[in-house]
Amino acid sequence: MRITSALAAAAVLTLAAACGGGGGGSESSSSPNEPVKIDFLSLAWQKESVAANKQLVDEWNKANPGIQVTYVQGSWDNVNDQLVTQFAGGTAPDVIHNDSPALSGFASDGYLLDLKDKLPADLKSDIPQPAWDTVTFGDGKGGQGVYGVPFLQESQVIIANKKLLDESGVRIPTANEPWTWDEFSEAAKKMTKGESYGVAWAMKSPVNKTLNLALNFGGTFFQTGADGKTTVKVGQEEREVLQRIHDQLHKDKSADPDALGQGTADPLPAFYKGKFAMLPAGVYLRQQVVEQAPDGFEWVTLPAPKGTSAEQGAVSQTLSIAQESEHPDEAMKFISFFLNGTNQAKLAKGDWLLPTSQKAAADPAMTTEENGWDVATASAKNLVVAPFLKVNGFDEWKSKVATPALQEYFANKITIDQVAAKLVEDGNKVLERYQR
Amino acid sequence: MRRASQYVALVAYVVFLAFPLLWLLSTALKTPQEMALTEPTWIPREPTLANFGDAFGEQDLVGASLRSLVVALFASVITVLISLPAAYAMARYRSLINKIAIGWVLVSQVFPFILIIIPLFMILRDLDLINTLPGLVVVHVTFTLPFALWMLQGYVRAVPRELEEAAAVDGASRLRSIASVVAPLLAPGVVATLLFSFISSWNEFMFALVILQDPDVMTLPLTLVRFTGPEGVARLGPLAAASLMATIPSLIFFAIIQRRLKSGLMAGAVKG
């Protein structure tokens, strides 16, 4: 009897839920009296960032009764699986938040709208060309297009325990005068005392971190020949950063071996305890430190070390428009509003990342010393388009070849020659399939 | 003495089973600083409800739980309703078609979901079922049905054929013998299958992710994943608080259904 009652209640609830549920995803109104409806898939996940996103959407909706935006929250872990299906099924959201590495494949498959002729002049000029380069890809038909508006970027910095840093007596690097990799290694050695290490490299996902830093020595990892074919290359330039990190782990023993298999944020509890002094990480990790660090814990943000240059590979967060969107012009208007300088500063603060907008970067909140914003923002000038962004097949190379090979290398199970061979030989087999 | 040791063993087992739930509760009540300690604490030093505030403030947890409950209930009931007669036929009738059907049920389990997700999505789109809970119910029934069929078939086989023959000798028709003799003995199996289907649907994420796009129809797994970021970074406090609240509807369902499981077991014992 109870089961029957429960089922009856469920039936009523289903009816209510089904009737109340939205239908049609990116369904668009066609009546001239009804507002245009746009779905905006956002990947914001931090509290402040979600709040900033929702606030901007509300602002837009109030000011633009004719173009109503629906905020749809997605998640970073699954967004590309979600989009693959929705693109194939023709139900993708109008405005899509993603990151630049994901855009190349979608662009060449024809799922994203080329924005180069739709970008308003003020938005175009406010974002520097290197950021636009991260979203410029082949259209799959021999041409080049702009498939997203880049708005937040991540650079690598070093989050350091101030007390241990001061005690070591090393020179404190600044944005204008960062450590060289040699100085960084020396500093890590000086900070290694007893059971405390100088640095911790969290290498659960080693590829983007090492490839972005490899640009310090001109390491591109990919080269395109005269025949237009891209192959993997691991020469001396590419080996520098790999070798230096490996040395810290296994030669100098100045890097905490426990952190090796951990994700980016996992070493933080040990960091607060002083188990190691420095944590190379993306700028966004400062938010976790601010939120979690015990009272009285002092920390600073240091610039990443430099090699022959301080260049780092840039990956942008982006807003794109689906090719199938019925309202691309309205979607572009929304993007222009959403990513203006003032709003980008809000979004960057919410996500603890760097805005691409020059107006946003000049916002006093982006240059304050508090929580290392000054160092983080200054690091944006070193960001250049990461060569791997343009490589068709990079995702497969990364997951099937580079991640396991680099993990083995950093765990000292294979030599640098062996890792280089794997990256090149196995990698080229992967790339070959994408270039037939 | 023997009884005491049995109780000790039982308590230890319950504590073991309850560990994830207790840890979830403990985490949900901790401050971010306490969560980042290298020596985790069982009892929060400075308990806070802020995580619950954040979880409920940012996401429609109540609505999502309700929708998940509705989808899981319907998917599980429909699965059982469809699979029960099919399982009976598979267990009682031996023919080539039957064998092929059983083989196909097994083969269907080896396909990865990702292979079928795009064609399934297209079919649902053509049926105008994208972004609707009935659409998700259809999908959940589709993917739980083969295993439910397999489970129930085993339960039907376990009921002695002789009982039906005895009922037939007493003059019962096949339908009557199924209703009066087989059905009560199958009750535990039906409830177990119902639970399996419910859990599968309740936890299902991938299909819901691609089928449901409107925030107003999203189910609980989609809502919980909103507290995670790139590279496995998560907002543990709100995630734990939301996950804790998310367990309540399924606990209520289990509390209701487990009595049925017990009564079904007893019915089987008497008839057997």
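Cut-off values and rules
Residues numbered from 1 in each chain as written. Chains lettered and ligands numbered in written order. Predicted model: local features only at pLDDT ≥ 70, side-chain atom pairs only at ≥ 80, totals over all residues. Heavy atoms only, no water. Helix = DSSP H or I, 4+ residues; strand = E, 2+ residues; numbered from the N terminus. Rg over C-alpha atoms; globule rule 2.2 N^0.38 Å. Contact = heavy atoms within 4.5 Å. Areas by Shrake-Rupley, 256 points an atom, 1.4 Å probe, with all protein chains shown as cover. UniProt positions renumbered as here; feature names shortened; annotations may be inferred. Buried < 20%, exposed > 50% of the residue type's maximum accessible area, 1.4 Å probe, protein only. Buried area = accessible area lost by both parts, 1.4 Å probe. Polar contact = N/O pair within 3.5 Å; in protein donor to acceptor, adjacent residues only side chain to side chain. Nonpolar A, V, L, I, M, F, W, Y, C, P; charged D, E, K, R; others polar. Pairing = 2+ DSSP bridges. Axes fitted to C-alpha atoms, helices over the stretch in contact; angles between N-to-C directions. Core = buried A, V, L, I, M, F, W, Y, C linked by side-chain atoms within 4.5 Å. Domains from an automatic or database assignment. Salt bridge = Lys/Arg side-chain N within 4 Å of Asp/Glu carboxyl O. Phe/Tyr/Trp six-rings, centres within 6.5 Å; stacked < 30°, edge-to-face > 60°. Lys NZ or Arg CZ within 6 Å of the ring centre and 35° of its normal. Parallel < 35°, antiparallel > 145°, perpendicular 65-115°, else oblique.

Going by what an unreviewed UniProt entry lists, chain B is known as Multiple sugar transport system permease protein and is assigned to Nonomuraea rubra.

As recorded in an unreviewed UniProt entry, chain A goes by the name ABC-type glycerol-3-phosphate transport system substrate-binding protein, listed as coming from Nonomuraea rubra.

K.L.:
For this particular structure, what's the right way to read the overall build of chain A?
P.N.:
What chain A contains, in helices and strands, is 19 helices and 15 strands. A globule of 436 residues ought to have a C-alpha radius of gyration of about 22 Å, and chain A, at 24 Å, matches this closely. Expressed along its principal axes, the backbone C-alpha trace of chain A runs to roughly 70 × 60 × 60 Å. The long-range fraction of contacts in chain A, counting pairs at least 24 apart against all pairs at least 6 apart in sequence, stands at 72%. Looking at chain A as shown, the accessible area adds up to about 17500 Å², and 50% of this sits on carbon and sulfur atoms.

K.L.:
Explanation requested: the UniProt feature "domain: ABC transmembrane type-1" (unreviewed entry) in chain B in the structure shown.
P.N.:
Feature annotation in UniProt assigns "domain: ABC transmembrane type-1" (unreviewed entry) to the following positions: residues 65-257 of chain B. Secondary structure across residues 65-257 of chain B comprises 79% helix and 0% strand; the distance between its end C-alpha atoms is 18 Å.

K.L.:
What is the right way to look at helix 9 (residues 206-214) of chain A in this model?
P.N.:
Because an α-helix completes one turn every 3.6 residues, residues spaced three or four positions apart along the sequence face the same direction. Counting buried positions along helix 9 of chain A gives 8 out of 9 residues, so the element sits mostly inside the fold. Buried within helix 9 of chain A are the following residues: P206(A), V207(A), K209(A), T210(A), L211(A), N212(A), L213(A) and A214(A).

K.L.:
What am I meant to see in the interface of chain B and chain A here?
P.N.:
Where the parts come together, the accessible area they lose is often given as the size of the interface. In this assembly, 47 residues from chain B lie in contact with 49 residues from chain A. Where chain B abuts chain A, roughly 4100 Å² becomes buried across the two surfaces, and 63% of that area is made up of carbon and sulfur atoms. Counting across the chain B and chain A interface gives 8 residue pairs in polar contact (both at pLDDT 80 or more). Considering every element that reaches the side of chain B that touches chain A, the biggest residue donor is helix 4 (residues 61-92) of chain B, with 6 residues. The residue makeup of the side of chain B that touches chain A, split by class, is 29 nonpolar, 7 polar and 11 charged.

K.L.:
What is the right way to read the environment of K306(A) from this model?
P.N.:
Residue and element names in this part refer to chain A. Looking at where K306 falls in the secondary structure, it is placed in the loop between strand 12 (299-303) and strand 13 (312-321). Once the C-alpha coordinates of K306 and L113 are considered, the two residues, 193 residues apart in sequence, prove to be 37 Å apart. The residues touching K306, leaving out its near neighbours within four places in the chain, are P178, W179, T180, W181 and N216.

K.L.:
I would appreciate a short explanation of the sheet that holds strand 7 (residues 156-161) of chain A in the present structure.
P.N.:
Two modes of strand pairing occur in sheets, parallel and antiparallel, and in both the strands are linked by backbone hydrogen bonds. Residue and element names in this part refer to chain A. Taken together, the 4 strands give an open sheet; going across it, the order is 8-11-7-12, and neighbouring strands pair in mixed fashion. Of all the strands in the sheet, the pair left with one neighbour each is strand 8 (197-199) and strand 12. Pairwise comparison of adjacent strand axes, ignoring direction, gives a mean angle of 25° for this sheet. As defined by bridge partners, strand 8 adjoins strand 11 (residues 276-282) across 2 bridges and the pair is classed as parallel. Following the sheet pairing, Y197 is matched in strand 11 by F276. Its contacts with the sheet place helix 8 (residues 181-190) against strand 7, strand 8 and strand 11, and it is angled at close to 140° to strand 11.

K.L.:
Help me out: how do you make sense of the nonpolar core in this one?
P.N.:
Nonpolar side chains in soluble globular proteins tend to end up buried together. V149(A), W179(A), F222(A), M278(A), W397(A) and L423(A) are the most contacted members of the largest nonpolar core, which has 160 residues in total. No other element matches the 8 residues that helix 18 (residues 394-410) of chain A contributes to this core. Not counting residues up to four positions away in its chain, the partners in contact with W179(A) are I158(A), L165(A), V170(A), R171(A), P173(A), F184(A), A187(A), M191(A), M278(A), L302(A), P305(A) and K306(A). Membership of the second largest hydrophobic core comes to 39 residues, among which are A64(B), V182(B), L185(B) and L195(B).

K.L.:
Is there a simple way to think about the domain arrangement of chain A in this case?
P.N.:
Residue and element names in this part refer to chain A. For chain A, the assigned domains read domain 1 (36-154 + 315-377) and domain 2 (156-313 + 388-432). The interface of domain 1 with domain 2 comprises 22 residues on the first partner and 16 residues on the second. Taken together, the two surfaces of domain 1 and domain 2 that pack against each other cover about 1700 Å², and 58% of this comes from carbon and sulfur. The three residues of domain 1 that bury the most area against domain 2 are E154, W352 and V375, which together make up 36% of that side's buried surface. Between domain 1 and domain 2 we count 0 salt bridges in total. At the surface where domain 1 touches domain 2, the tally comes to 6 residue pairs in polar contact (both at pLDDT 80 or more). Mapped onto the side of domain 1 that touches domain 2, the elements with two or more residues apiece are helix 4 (100-108), strand 4 (136-138), strand 6 (149-154) and helix 17 (373-378). Residue composition of the side of domain 1 that touches domain 2, grouped by class: 10 nonpolar, 8 polar and 4 charged.

K.L.:
Looking at this structure, how should I read the packing of aromatic side chains?
P.N.:
Residues and elements named next belong to chain A. Throughout the structure, instances matching the rule amount to 29 aromatic pairs over all chains. Measuring from ring centre to ring centre gives 6.3 Å for W181 and W201, while their planes differ by 5°; the resulting arrangement is stacked. On the criterion of sequence distance, the pair formed by W181 in helix 8 and W201 in the loop between strand 8 and helix 9 is long-range, its members being 20 residues apart. Neither residue differs from the other here; W181 and W201 are each classed as buried. Taking 4.5 Å as the distance between ring centres and 20° as the angle between the ring planes, the aromatic pair formed by F388 and F394 counts as stacked. F394 matches F388 in its accessibility class, with the two residues each being buried. Taking NZ or CZ as reference, R286 lies 4.1 Å from the ring centre of W373, over its face.

K.L.:
What's the story with the packing of helix 18 of chain A against helix 19 (residues 416-434) of chain A in this structure? I'm lost.
P.N.:
Each pair of packed helices can be described by the angle between their axes along with the distance between the axes. Residues and elements named next belong to chain A. Relative orientation of the contacting elements helix 18 and helix 19 amounts to 175°, with a least axis distance of 9 Å. Judged on the interaxial angle alone, helix 19 and helix 18 are roughly antiparallel. Mapping the contact onto sequence places E396, W397, V401, A402, A405, L406, E408 and Y409 in helix 18 and I416, V419, K422, L423, D426, G427, V430, R433 and Y434 in helix 19. Its residues placed into classes, the contact of helix 18 with helix 19 shows 11 nonpolar, 1 polar and 5 charged.

K.L.:
For this particular structure, what's the right way to read the pairing of strand 13 of chain A?
P.N.:
Working note: regular strand, side chains alternate between the two faces of the sheet. Residue and element names in this part refer to chain A. For strand 13, the buried fraction is high: 10 of the 10 residues fall into the buried class. Where strand 3 (residues 95-99) lies against strand 13, 5 bridges are found, and the strand directions are antiparallel. By the bridge assignment, N98 is partnered in strand 13 with T318. Across 5 bridges, the pairing between strand 6 and strand 13 is antiparallel. By the bridge assignment for strand 13, E154 is matched with V315.

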